[in-house]
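# Chain and residue survey
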Amino acid sequence: MYTIWSGSVGDPVWIRPNWPLHEVRGLFSFRRGGVSLPPYEELNVGLHVGDDADAVLKNRERCAIEVGCPVERWVVAEQVHGAKVAVITEAEAGCGARDVHSAIQGADALVTDVSGLGLVVMAADCVPVLFYDGVRQVIGAAHSGWKGTVQHIVRRVLETMQQAFQSNPADVQVWIGPSIRQCCYEVNDVVADPIKAEFGRRVLVKRFHRAERYLLSLQACVRQDLLRSGVRPEHIVDTGVCTSCQADVLFSHRADAGRTGRQLAMVCLVEDEV
Ligand SMILES: [Zn+2]
């Protein structure tokens, strides 16, 4: 486990990838420090979960300041638990930034080489994953729930980075964000069977005395895909934070019984100073 926290008790808490700040900014938000009311307290960034839109936009502004990328430059994935990766150009700047409808349709992952665009995915248990190729200056963000994981979304991100921008996976650095972990993520055969078929049994632990119940490590699946795609093990950082264990500081769909907010994972290439 390797976690960089910034902020102190009572203040907003963030995790930032330790990438060179003059080249790229990454951010994983928590639930502290925003203006949303229960059950979305406090820093909900999801416009699609029933929260007051004005509060959500204030929260997004808060995150925008933190990452140094104005909301107008955000690009947000629609997120449909699929495995579509969208290549983002300047034309998509602001898509999904202030409304749900203009989000990048059907996409659960985004990649770009355009500096100054903030690629955004949101989660509240699903695995947010950020990518940075410091050689080609290419970034990516993926939302990997169990369905997207089974469809190898992180592998598809790397394939897209290769095809669109000639990225070499050996150059790509990856951060796995706060998400529900094996300690808390009980699944049944509906989930376990396709996971086993794609990733083998080692990512699952069978629950003692509970028939057809398993504890799943989505993070182990993601790591397996990354390694098989050619990402170096030393370039993979798992924040190690479980949303369900830490539901006081993070939104957790399971721990909060479905009605809750979303935290964001965001990455942005820094624009060259003119
Ligand atoms: Zn846990």
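Residues numbered from 1 in each chain as written. Predicted model: local features only at pLDDT ≥ 70, side-chain atom pairs only at ≥ 80, totals over all residues. Heavy atoms only, no water.

### Quick notes on the coordination of the zinc ion
Cys183 (SG), Cys184 (SG), Cys242 (SG) and Cys245 (SG) make up the full set of protein donors to the zinc ion, lying at 2.2 to 2.3 Å. Geometry at the zinc ion is tetrahedral, judged from its 4 donor atoms and the angles of 103 to 118 degrees they form at the metal. Here the donor residues of the zinc ion are spaced in sequence according to C-C-x57-C-x2-C. Highlighted residues: Cys184 in the loop between strand S10 (172-176) and strand S11 (186-187) and Cys242 in the loop between strand S14 (236-238) and strand S15 (263-269), separated in sequence by 58 residues. Classification of Cys184 by relative accessible area gives partly exposed; the value is 24%. Assessed through its relative accessible area of 5%, Cys242 is described here as buried. (Donors = N, O, S within 2.8 Å, 3.2 Å for Na, K, Ca; no water. Tetrahedral: all angles 85-135°; square planar, octahedral: opposite > 155°, others 65-115°. Helix = DSSP H or I, 4+ residues; strand = E, 2+ residues; numbered from the N terminus. Buried < 20%, exposed > 50% of the residue type's maximum accessible area, 1.4 Å probe, protein only.)

### With respect to the layout of surface pockets
Looking at the largest pocket, its volume works out to about 650 Å³. Around the largest pocket, the lining is made up of 33 residues, and of these Gln79, His81, Cys126, His143 and Arg262 lie nearest the centre. Elements represented by at least two residues in the lining of the largest pocket include exactly strand S7 (118-123), helix H2 (146-150) and S11. Class assignment for the residues of the lining of the largest pocket results in 15 nonpolar, 10 polar and 8 charged. (1 Å grid on protein atoms, 1.4 Å probe; cavity = no way out; pocket = protein on both sides within 12 Å on 5 of 7 lines; lining within 4 Å. Points joined across faces, edges and corners; volume = space filled by probe spheres on them. Nonpolar A, V, L, I, M, F, W, Y, C, P; charged D, E, K, R; others polar.)

### What to know about the environment of Ile104
Considering the arrangement of structural elements, one finds Ile104 in the loop between strand S5 (85-87) and strand S6 (109-112). In this structure Ile104 comes out as buried when scored by relative accessible area, which is 11%. Measuring from C-alpha to C-alpha, the distance between Ile104 and His81 comes to 13 Å, with 23 residues separating the pair along the chain. Once residues within four sequence positions are removed from consideration, Ile104 is found in contact with Val75, Val76, Ala77, Glu78, Ala86, Ile88, Glu92, Cys95 and Leu110. (Contact = heavy atoms within 4.5 Å.)

### With respect to the pattern of salt bridges
Here the structure, examined in full by the defined rule, presents 12 salt bridges. A salt bridge links Arg98 to Glu72; the nearest nitrogen and oxygen atoms lie 2.4 Å apart. Here Glu72 lies in the loop between helix H1 (53-67) and strand S4 (74-76) and Arg98 lies in the loop between S5 and S6, a separation of 26 residues in the sequence. Judged by its relative accessible area of 44%, Glu72 is partly exposed. For the salt bridge of Arg155 with Glu159, the shortest nitrogen-to-oxygen distance reads 3.7 Å. Highlighted residues: Arg155 and Glu159, both in helix H3 (residues 153-165), separated by 4 residues, approximately one helical turn. Classification of Glu159 as partly exposed rests on a relative accessible area of 32%. Several salt bridges converge on common partners, so that one network encompasses Glu186, Arg207, Arg210 and Arg213. (Salt bridge = Lys/Arg side-chain N within 4 Å of Asp/Glu carboxyl O.)

### Things to note about the nonpolar core
Grouped together as the largest cluster of nonpolar side chains are 37 residues, with contacts concentrated most on Phe131, Ile195, Leu216 and Leu226. Counting only elements with at least two residues in this core, the list comes to S6, strand S8 (127-133), strand S9 (138-144), H3, S10, helix H4 (189-199), strand S13 (214-216) and helix H5 (218-228). Sorting elements by how many residues they give to this core places H3 first, with 6 residues. Judged by nonpolar contacts, the second largest core, of 30 residues, contains Ala107, Ile139, Val249 and Ala265. (Core = buried A, V, L, I, M, F, W, Y, C linked by side-chain atoms within 4.5 Å.)

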